[in-house]
Amino acid sequence: QWTKNPIPACRGNSGGAYAPPGGCGIRGPQFTPPLEGLEGYGESALNGWAREFDFSIVDKLQVPGDLVAGDYVLSFRWDCEQTSQVWTMCSDITLVA
């Protein structure tokens, strides 16, 4: 299932890499953020790349209850929001009872 990063990057080519500390500044975010001020990359070259966000975004995987123990391969894909890049990755997983 496709999941969108809920924190918008800033409008413009840099996406927020050169945004003023605390948000996107006059360019604004690419879409309405879930909370006021929760926009950009959470760090910027203009403040020495200091962290502004004190959290991480993670994906969770729900394993079907009837899946038998054994070795599996998990593949996933990451589509970049600001470029035409698509990243595909695989991971070996051992499911134990």
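Only a predicted model underlies this, so the values are computations on that prediction, with no experimental measurement involved.

Peer 1: Kindly report on a nonpolar patch on the surface, identifying the contributing residues and their values.
Peer 2: The grouping of Phe76, Trp78, Trp87 and Met89 at the surface amounts to a nonpolar patch, some 430 Å² of accessible area in total. Going through the elements one at a time, β1 (70-79) and β2 (86-95) are the ones with two or more residues in the nonpolar patch. For Phe76, the location among the structural elements is in strand β1. You can call Phe76 partly exposed: its relative accessible area is 39%.

Peer 1: Any details on the packing of aromatic side chains? Residues and values, ideally.
Peer 2: For the coordinates displayed, the defined rule picks out one aromatic pair. Plain terms: the ring middles of Phe53 and Phe55 are 5.3 Å apart, the flat faces sit at 15 degrees to each other, and that makes the pair stacked. With relative accessibility at 14%, the residue Phe53 sits in the buried group.

Peer 1: Talk me through the state of the cysteines; I want residue IDs and the actual numbers.
Peer 2: Summed over all chains, the structure comprises one disulfide. Between the sulfur atoms of Cys10 and its disulfide mate Cys24 the distance is 2.1 Å. Handedness here is read from the sign of the S-S torsion; for Cys10 and Cys24, about -85 degrees, the answer is left-handed. Remark: Cys24 occurs in the segment before β1 and Cys10 occurs in the segment before β1; sequence separation between them is 14 residues. Residue classification places Cys10 among the buried positions, given a relative accessible area of 2%.

Peer 1: Lay out the side chain of Ser44 with the relevant residues and their values.
Peer 2: In this fold, Ser44 is placed in the segment before β1. We classify Ser44 as buried; its relative accessible area is 2%.

Peer 1: Explain the pairing of β1 to me, and be specific about the residues and the numbers.
Peer 2: For β1, a buried count of zero out of ten residues is recorded, marking the element as mostly open to its surroundings. In the sheet, β1 pairs with β2 via ten bridges, with the strands oriented antiparallel. Directly across from Arg77, in β2, lies its bridge partner Thr88. Here β1 folds back onto β2 in antiparallel fashion, the turn holding six residues.

Cut-offs used in this document
Residues numbered from 1 in each chain as written. Predicted model: local features only at pLDDT ≥ 70, side-chain atom pairs only at ≥ 80, totals over all residues. Heavy atoms only, no water. Patch = residues over 30% accessible without salt bridge, like charges linked within 9 Å, V, L, I, M, F, W, Y side chains within 5 Å. Areas by Shrake-Rupley, 256 points an atom, 1.4 Å probe, with all protein chains shown as cover. Salt bridge = Lys/Arg side-chain N within 4 Å of Asp/Glu carboxyl O. Helix = DSSP H or I, 4+ residues; strand = E, 2+ residues; numbered from the N terminus. Buried < 20%, exposed > 50% of the residue type's maximum accessible area, 1.4 Å probe, protein only. Phe/Tyr/Trp six-rings, centres within 6.5 Å; stacked < 30°, edge-to-face > 60°. Disulfide = S-S within 2.5 Å. Pairing = 2+ DSSP bridges.

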